[in-house]
Amino acid sequence: MPDLLLDVQGLETQFKTPDGVVYAVNGVSFGLNEGETLGIVGESGCGKTVTMLSVLRLIPSPPGKITAGKAFFFGQDLLQMSNEEIRHVRGAQISMVFQDPMTSLNPVLTIGLQLTESLILHLGMDKKQALVRAAELLETVGIPKAKDRLSDYPHQFSGGMRQRVMIAMALSCSPQILIADEPTTALDVTIQAQIIELVKRLRDELGMAIIWITHDLGVVAGLAQRVIVMYGGYIIEEAPVNELYSNLQHPYTIGLMGSLPRLDEEGHHRLISIDGQPPVLYEKPNQCPFVPRCKYAIERCWKENPALEMVGQNHRAACWVDTKTGSAR
Amino acid sequence: MAEDNVILRVDNLVKHFPITRGIIVQKQIGAVHAVDGISFEVKRGETLGLVGESGCGKSTTGRTVLQLYRPTSGSVVFDGVDLVKIKGEELRHMRRKMQMIFQDPYASLNPRMTVGEIVGESLVVHKIAKKNEIEERVANLLELVGLNPAFSSRYPHEFSGGQRQRIGVARALALQPALIVCDEPISALDVSIQAQVVNLLEDLQKQFNLTYLFIAHDLSMVRHISKHVAVMYLGVLVEMTDRDELYSQPLHPYTQALLSAIPIPDPVADSKRQRTILEGDVPSPVNPPSGCRFRTRCPIAEAQCAESRPEFRELRPAHFVACHLAK
């Protein structure tokens, strides 16, 4: 295996709540290659956002706690760094774009001030240089009259424009990794298409690696090279994008695809729904976390939690059943 | 086009919201042109999908049809009665036959009422069932939407999003309506739960011969559930036709762009597609563009598009489109 840019091993994160400890992330391991786009897919509460927040140590603690795991970035474990050290990584080498462009910008500061903050902090620019660079960045993300707009406040921008500003901010220090947490979920489809096109262009120009967190299997299909599917705090399937969509292995991924109506479908099919609802794990399960909703379940699924294992070329899945034949692996 | 089985006919519906200035003496200084002259009809037992981006007026249309907003002008003929002309007890009587399912299952259920009270409220209000019957009716309704009847004494916060939306469906069904306006009923739900609710809506439609006005921004879901689809942009309808025709032969440039913007969950098919990426944002409905509303973002706009508003014409049989240039 070539050297990984980011290598996460056995990550576990828990939250203390009044109802008990919630096991949000349970032993998640994955790697990210240089310049690669990795999609992380799952429904709300599956741990996809918490995983990435844990890697950047942005989990509020308490109540959250990273209880195990390593996250190597250029040979250094992000989880062992001092607060001072990780501050130099965050925003500079690994940066993040958040879901809601309406609430993740500070409404009482101008766009210019918010954009120059990291330039001054991480790159040691003075204010003048930083403002020039900020205007360049806004232009890169396709905001017209960039220079004049630096003194505008977030409410003067539309949703799509705000997300462009967020992306400009994330790119300001030329990061190696851009983590995008559902950046288009709050946007309309035509605006979503604009943002995805923009990210693709920037990726080709700047060559950074991207981790794209989403619940939308459609967005990931056109963007990512490799996809991880999460459920109940576990990675349950992982494969290169073409392999995944042509050869679904895990019952949950199969169900998820079946529940999507498709624009290119012929005739009218009833949607395949997954009964029940996603779990909140108050204890680590000693069964497969998906088994209460699974159509393929066999006896073993209720007794042991399957590990993520190779099921094909670069294709890993965590399931006791071979869903192609319906019998035990 | 008058046919007997048309249950809802909306004609030239307009809804403007006034913008006022001043606290004591209010002066109108403008208007939000939320819905600006739209016409469509829905046949009994069918589903009309109404799609568009946020702020295009699709929810306002739904609410104006139900007379939750009174229209500025136009008519809404439902079951042979023009709802715009009636009021008071007469309108209240008509309301029994038309119900709504709301978008946000967290905000549309009163947190201080039990599920039984929520679902049974309309039965009490319209004095349809006696007190002792209500409990049984509620239990039946809950069962119908796939909830345990024993839940009727619980409060909304004890339920998940998908279950709450089922409660909303049960409430809408309580009066045995003919028409249900579904205002983005699934967009707040997770993918696997969305399919459950859509399947439920389809089953209920078959069982009770319900008519749906299904409002959504998700074109693939609308395609799945609707028989006819109307596309809305900035207060006007730009295209309306049979679902298969719309998706295979979209005539309006906005519909074409909208369709091409939807990601397909298949990397091979997705990479083969021709993409039209629209530039810019939807203009403000306070001051909509002259002529064709879409011309500011339209890839093929010409001079005439700014001058006159394109007529909503039947370009092909049962295929309406509002564009000067569509052929």
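Our structure is the block above this text.
We now turn to the structure provided with this report. (Residues numbered from 1 in each chain as written. Chains lettered and ligands numbered in written order. Predicted model: local features only at pLDDT ≥ 70, side-chain atom pairs only at ≥ 80, totals over all residues.)

## Structural notes on the overall build of chain B
- Scanning chain B for helices and strands turns up 11 helices and 12 strands.
- Against the compact-globule benchmark of 20 Å for 327 residues, chain B has a radius of gyration of 21 Å, which places it among compact chains.
- With the principal axes as the frame, chain B shows a C-alpha extent of 65 × 60 × 45 Å.
- Considering chain B as a whole, with its 327 residues, one finds that 45% of them fall into the buried category. (Helix = DSSP H or I, 4+ residues; strand = E, 2+ residues; numbered from the N terminus. Rg over C-alpha atoms; globule rule 2.2 N^0.38 Å. Buried ≥ 20, exposed ≤ 12 C-beta atoms within 10 Å, placed from the backbone.)

## Thoughts on the overall build of chain A
- The helix and strand inventory of chain A stands at 10 helices and 14 strands.
- Rg of the C-alpha trace for chain A: 21 Å, near the compact-globule value of 20 Å for 329 residues, within the 12% margin.
- Expressed as a percentage of the 329 residues in chain A, the buried residues total 45%.
- Of all intrachain contacts in chain A linking residues separated by at least 6 positions in sequence, the fraction that spans at least 24 positions is 64%. (Contact = placed C-beta atoms within 7 Å.)

## Structural notes on helix α9 (residues 253-261) of chain B
- Counted residue by residue, α9 of chain B has 7 buried out of 9 residues, so it is predominantly covered.
- For α9 of chain B, every residue scored as buried is listed here: Pro 253, Tyr 254, Thr 255, Ala 257, Leu 258, Leu 259 and Ala 261 of chain B.
- Those residues of α9 of chain B that are buried are in contact with α7 (189-206) of chain A together with α7 (219-225), β9 (228-233), β10 (236-242) and α8 (243-248) of chain B.

## Some words on the packing of helix α3 (residues 115-125) of chain B against helix α5 (residues 161-173) of chain B
Residue and element names in this part refer to chain B.
- Where α3 contacts α5, the two axes come as close as 7 Å, and the packing angle between them is 30°. If you check the angle between α3 and α5, you find them roughly parallel. α5 is crossed by α3, and the crossing has right-handed handedness. Contacts from Val 115, Ile 118, Val 119 and Ser 122 of α3 reach α5 at Ile 167, Ala 170 and Arg 171. (Axes fitted to C-alpha atoms, helices over the stretch in contact; angles between N-to-C directions. Parallel < 35°, antiparallel > 145°, perpendicular 65-115°, else oblique. Left-handed = near helix turned anticlockwise from the far one by under 90°.)

## Here's the deal with the interface of chain A and chain B
- Taken together, the 37 residues of chain A in the interface contact 36 residues of chain B.
- Ranked by residues supplied to the side of chain A that touches chain B, first place goes to α7 of chain A with 6 residues.
- Class assignment of the residues belonging to the side of chain A that touches chain B gives a composition of 16 nonpolar, 14 polar and 7 charged. (Nonpolar A, V, L, I, M, F, W, Y, C, P; charged D, E, K, R; others polar.)

## What to know about unusual backbone geometry
Residues and elements named next belong to chain A.
- Along the chain, Ser 61 connects to Pro 62 via a cis peptide bond; the corresponding omega equals -15°.
- Each neighbour pair has its own omega, and for Pro 62 with Pro 63 the value is 10°, a cis peptide bond.
- Looking at the element boundaries, Pro 63 is found in the loop between α1 (48-55) and β4 (64-73).
- In this structure, Phe 74 is a non-glycine residue whose phi angle is positive, near 50°.
- One can find Phe 74 in the loop between β4 and β5 (76-77).

## Considerations on the pairing of strand β8 (residues 209-214) of chain A
All names here are of chain A.
- Judged by how many residues are buried, β8 sits mostly within the fold: 6 of 6 residues are covered.
- Along β8, one buried face is formed by Ala 209, Ile 211 and Ile 213 and the opposite face, lined by Ile 210, Trp 212 and Thr 214, is buried too.
- Direction of pairing for strand β3 (residues 37-41) relative to β8: parallel, over a ladder of 5 bridges. Bridge pairing in β8 places Val 41 opposite Thr 214.
- As paired strands, strand β7 (residues 177-181) and β8 are joined by 5 bridges and run parallel to one another. The residue bridging Ala 180 from the neighbouring strand is Trp 212, located in β8.
- A crossover links β7 with its parallel partner β8, the connecting element being α7, and its sense is right-handed. (Pairing = 2+ DSSP bridges. Right-handed = clockwise from strand over helix to strand, strands pointing away.)

## Regarding the sheet that holds strand β1 (residues 6-17) of chain A
All names here are of chain A.
- Here we have 4 strands laid out as an open sheet, ordered β2-β1-β4-β5, and antiparallel in their pairing. Only two strands of the sheet have a single neighbouring strand rather than two, namely β2 (20-32) and β5.
- Summarising the sheet, β1 and β2 pair through 10 bridges and their orientation is antiparallel. Bridging across to β2, Leu 6 finds its partner in Leu 32.

## Quick look at the nonpolar core
- Core analysis: the largest hydrophobic core is formed by 186 residues, its most contacted members being Ile 211 of chain A together with Leu 213 of chain B.
- Non-local contacts of Ile 211 of chain A, meaning those with residues more than four positions away in its chain, are made with Leu 32, Leu 38, Ile 40, Met 52, Ile 177, Ile 179 and Ala 180 of chain A. (Core = buried A, V, L, I, M, F, W, Y, C linked by C-beta atoms within 7 Å.)

## Some points on the sheet that holds strand β2 (residues 27-43) of chain B
Residues and elements named next belong to chain B.
- Pairing within the open sheet is antiparallel, and its 4 strands lie in the order β2-β1-β4-β5. Looking at strand neighbours, the two that pair on one side only are β2 and β5 (81-82), the edges of this open sheet.
- This element, helix α1 (residues 58-65), spans β1 (6-21), β2 and β4 (73-78) of the sheet and lies at about 115° to β1.

## A short note on the environment of Gly 64 of chain A
- Relative to the elements of secondary structure, Gly 64 of chain A occurs in strand β4.
- Contact partners of Gly 64 of chain A, with chain neighbours within four places excluded, come to Thr 13, Phe 15 and Ile 59 of chain A.

## A look at the packing of helix α3 (residues 111-123) of chain A against helix α4 (residues 127-140) of chain A
Residues and elements named next belong to chain A.
- One can describe the packing of α3 onto α4 by two numbers: an axis separation of 9 Å at closest approach and a directional angle of 115°. In the crossing of α3 with α4, the sense of the turn from one axis to the other is right-handed. Between α3 and α4, the contacting residues are Gly 112, Leu 115, Thr 116, Leu 119 and Ile 120 on the first element and Lys 127, Ala 130, Leu 131, Arg 133, Ala 134 and Leu 137 on the second.
- When grouped by side-chain class, the residues that make up the contact of α3 with α4 number 7 nonpolar, 2 polar and 2 charged.

## Topic: the environment of Val 222 of chain B
Residues and elements named next belong to chain B.
- Residue placement: Val 222 occurs in helix α7.
- Between the C-alpha atoms of Val 222 and Val 51, which are 171 residues apart in sequence, the distance is 7.5 Å.
- What Val 222 contacts, discounting residues up to four positions off in sequence, is Gly 49, Val 51, Phe 214, Ala 216 and Val 229.

## Structural notes on the pairing of strand β11 (residues 309-312) of chain A
All names here are of chain A.
- Pairing between β11 and strand β12 (residues 315-317): 3 bridges, direction antiparallel. What sits directly across from Met 310, in β12, is Arg 316.
- Counted between consecutive antiparallel strands, the loop separating β11 from β12 contains 2 residues, among which Asn 314 sits at a positive phi close to 55°.

## Brief notes about α4 of chain A
Residues and elements named next belong to chain A.
- Taking 1.5 Å per residue as the helical rise, α4 with its 14 residues ought to reach 20 Å, and the 20 Å between its terminal C-alpha atoms agrees with that figure.
- Where α4 is buried, its residues touch α3, α5 (146-149) and α6 (159-171).
- Positive backbone phi, at 80°, marks Gly 142, one or two positions downstream of α4. (Expected span 1.5 Å × (residues − 1).)

## A word on the environment of Pro 285 of chain A
Residues and elements named next belong to chain A.
- Tracing the backbone through its elements, the reader meets Pro 285 in the loop between α10 (251-258) and β11.
- Given 19 C-beta atoms within a 10 Å radius, Pro 285 is considered partly exposed.
- Considering only alpha carbons, one finds Pro 285 and Trp 302, 17 residues apart in sequence, at a separation of 9.6 Å.

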